[in-house]
Amino acid sequence: MPELIPQDFIDDLVQRIDVVEVISNRIEIKKAGKEYKGLCPFHTEKTPSFTVSQDKGFYHCFGCGAHGTALGFLIDFDRLTFIEAIEELAKIAGVTIPKTRQDRSKSAKNKNLKDLLLELMSHYVANLSKSKKAIKYLTTRGIDGKIAKKFSVGFSQDSWDEVLKEFGTSKKNIANLYECGLIIKKDNGGYYDRFRNRIMFPIKNNGGHVVGFGGRIIDEGEPKYLNSPETPLFKKGELLYGLFESKESLRSSNHALFVEGYTDVISLAQSGFKNSLATLGTATTDAHIKKAFRFVDKITFCFDGDSAGKKAAWKACEICLPNIRANKEAKFLILPKNQDPDETIQ
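Predicted model only: the values in this text are computed from it and were never measured. (Residues numbered from 1 in each chain as written. Predicted model: local features only at pLDDT ≥ 70, side-chain atom pairs only at ≥ 80, totals over all residues. Heavy atoms only, no water.)

A tally of regular secondary structure across the protein gives 14 helices and 15 strands. Computed over its C-alpha atoms, the radius of gyration of the protein comes to 22 Å, within 12% of the 20 Å expected for a compact globule of 346 residues. Overall, the protein is about 65 × 50 × 35 Å in size when its C-alpha atoms are taken along their principal axes. Contacts in the protein between residues at least 24 apart in sequence constitute 62% of all its contacts with a sequence separation of at least 6. In the form shown here, the protein has an accessible surface area of approximately 17,600 Å², with 52% of it arising from carbon and sulfur atoms. With 52 positive and 44 negative side-chain charges, the protein shows a spacing of 1 Å between the two charge centroids. (Helix = DSSP H or I, 4+ residues; strand = E, 2+ residues; numbered from the N terminus. Rg over C-alpha atoms; globule rule 2.2 N^0.38 Å. Contact = heavy atoms within 4.5 Å. Areas by Shrake-Rupley, 256 points an atom, 1.4 Å probe, with all protein chains shown as cover. Lys, Arg positive; Asp, Glu negative; His and termini not counted. Charge placed at Lys NZ, Arg CZ, Asp CG, Glu CD.)

All right, on to the sheet that holds strand β15 (residues 329–332) then. Spatial strand order, β13-β12-β14-β15: four strands in an open sheet with parallel pairing. At either margin of the open sheet sits one strand with a lone partner, and together these are β13 (276–278) and β15. The mean inter-strand angle of the sheet, taken between neighbouring strand axes irrespective of direction, is 30°. Of the strand pairs in this sheet, strand β14 (residues 298–301) and β15 are connected by four bridges, and their pairing is parallel. In the sheet register, Ile299 faces β15, and the bridge partner there is Ala330. Helix-sheet contacts for helix α10 (residues 243–253) involve β12 (255–259) and β13, and the interaxial angle to β13 is about 135°. (Pairing = 2+ DSSP bridges. Axes fitted to C-alpha atoms, helices over the stretch in contact; angles between N-to-C directions.)

For the rest of this paragraph, the subject is the pairing of strand β4 (residues 58–61). On β4, burial follows the alternation: Tyr59 and Cys61 on one face are buried, whereas Phe58 and His60 on the facing-out side are not. Taking the residues that link successive antiparallel strands as the turn, the strand β3 (residues 50–53)-β4 hairpin has four residues, and the phi of Gly57 there is positive, at about 80°. As paired strands, β4 and strand β5 (residues 67–68) are joined by two bridges and run antiparallel to one another. In the sheet register, Tyr59 faces β5, and the bridge partner there is Gly68. The antiparallel pairing of β4 with β5 creates a hairpin that spans five residues between the two strands, and Gly65 there sits at a positive phi of about 90°. (Buried < 20%, exposed > 50% of the residue type's maximum accessible area, 1.4 Å probe, protein only.)

Moving on to helix α3 (residues 70–77). Among all positions in α3, only Ala70, Leu71, Gly72, Phe73 and Leu74 are buried. If you follow the buried residues of α3, they end up packed against α1 (7–16), α2 (19–24), β3, β4 and α4 (82–93). Arg79 lies just past α3 and shows a positive phi near 60°.

Examined against the element boundaries, Ala278 turns out to sit in strand β13. Residue Ala278 is classed as buried on the basis of its relative accessible area, which comes to 0%. Along the primary structure Ala278 and His288 are separated by ten residues, whereas in three dimensions their C-alpha atoms are 9.5 Å apart. Residue contacts for Ala278: discarding those within four places in its chain leaves Leu240, Tyr241, Val259, Glu260, Gly261 and Val265.

So, about the side chain of Lys291. Tracing the sequence through the fold places Lys291 in helix α12 (residues 286–293). Lys291 has contacts with Asn206, Glu238, Leu240 and Leu243, leaving out every residue within four places of it along the chain.

Taken in spatial order, the five strands of this open sheet run β1-β2-β3-β4-β5, and their pairing is antiparallel. Of all strands in the sheet, those with a lone pairing partner are β1 (30–32) and β5, marking the two edges.

With their axes 10 Å apart at the nearest point, α1 and α4 run at an angle of 55° to one another. Accordingly, the angle class assigned to the pair α1 and α4 is oblique. Judged by the sense of rotation from one axis to the other, the crossing of α1 with α4 is left-handed. Listed contacts from α4 to Phe9, Ile10, Leu13 and Arg16 of α1 are Phe82, Ile86, Leu89, Ala90 and Ala93. Its residues assigned to classes, the contact of α1 with α4 shows eight nonpolar, no polar and one charged. (Parallel < 35°, antiparallel > 145°, perpendicular 65-115°, else oblique. Left-handed = near helix turned anticlockwise from the far one by under 90°. Nonpolar A, V, L, I, M, F, W, Y, C, P; charged D, E, K, R; others polar.)

Let's shift gears to the packing of α3 against α4. For the pair α3 and α4, interaxial distance at closest approach is 9 Å and the crossing angle is 125°. The orientation of α3 with respect to α4, classified from their angle, is oblique. Here α3 runs over α4; the crossing is right-handed. On α4, the residues touching Ala70, Leu71, Leu74 and Ile75 of α3 are Phe82, Ala85, Ile86, Glu88 and Leu89.

Another point: the confidence of the model for the protein. Looking at the protein as a whole, its pLDDT mean stands at 90, while 97% of the residues score no less than 70. No element of the protein has a lower mean pLDDT than helix α14 (residues 341–345), at 82, and none a higher one than strand β6 (residues 154–156), at 98. (pLDDT = per-residue confidence, 0-100.)

One finds Leu120, Val153, Leu177, Leu182, Ile199, Phe213 and Tyr241 to be the most contacted residues of the largest nonpolar core, which totals 48 residues. Only α5 (101–130), α6 (132–140), α7 (145–150), α8 (162–167), β9 (198–204), β10 (210–217), β12 and α11 (262–270) provide two or more residues apiece to this core. The dominant element in this core, judged by the number of residues it contributes, is α5, at seven residues. The contact partners of Leu177, leaving out residues within four places of it in the chain, are Leu116, Leu120, Val163, Leu164, Phe167, Gly168, Leu182 and Ile183. With 28 residues, the next largest nonpolar core counts Ile5, Ile10, Ile29 and Ala85 among its residues. (Core = buried A, V, L, I, M, F, W, Y, C linked by side-chain atoms within 4.5 Å.)

Spelled out as structure tokens, the structure:
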């Protein structure tokens, strides 16, 4: 029965699916500006009035009023039941439908973790507004309040238990904090905060849900950058920083600029390069390339000008080759020695 599949899972599945891919495999549609157009499959017409918005994830016919997501299209066009359409989308996305009680419990738990991470993001953003030190650091990096707000940049206080005290008010809450990777177990018992005295960059999935954080230390200390660990929500090899914030620019430019760091993405966005993305402190993966090519036809890699940056670029080149098609291309911009995109644009 439909009600046995968690709504949270259905919502995530629909957001994960490329509506253009689903529809173009069934009817002919062509690129028209930011959207795709074709003859409506639900009524007879000679002039195309059927549009598909890849960015918004839905189709709409201005002739007959047909409207919906990839899920609705499968139900109406393929004449599938609700469950059959969910199964087809799950097959395309390569995910398992949570049908058992254990699956449903896991889906509900993931929703609770997303809600917690959203609260943490708001908490860190509030911290930033109160910290002169953090604001000064961002200012010296050329990042203003407007762009910081767009990316929900925050700050974690120089404390071992700020998050633990604020959000770990019960055993269940502590367990959720630990599952999200926000606290670390002590060897002798108890917990302490993972992120301390860091500029905080919330990392969002395609649907805009916060799934983890990256933190950049303000003062001297190691590591300079620290990410959330792998969790049920946070998969480094699949996520791209800035993807949710840059969707509109990616669509309009049909071009993605891959850089190495969070501050590179934000600094470039502030300077007008709003189509910038970054991997999460890890090498470019096949999943990264495939995800970007869902939104654009062109990728330019612009990594740091040091030897590590050049090695990263060569690795990205090797990963790209199997994904290149007649309408998909990748280019590489080599910066001057020991410069990164942020410094270059400044």
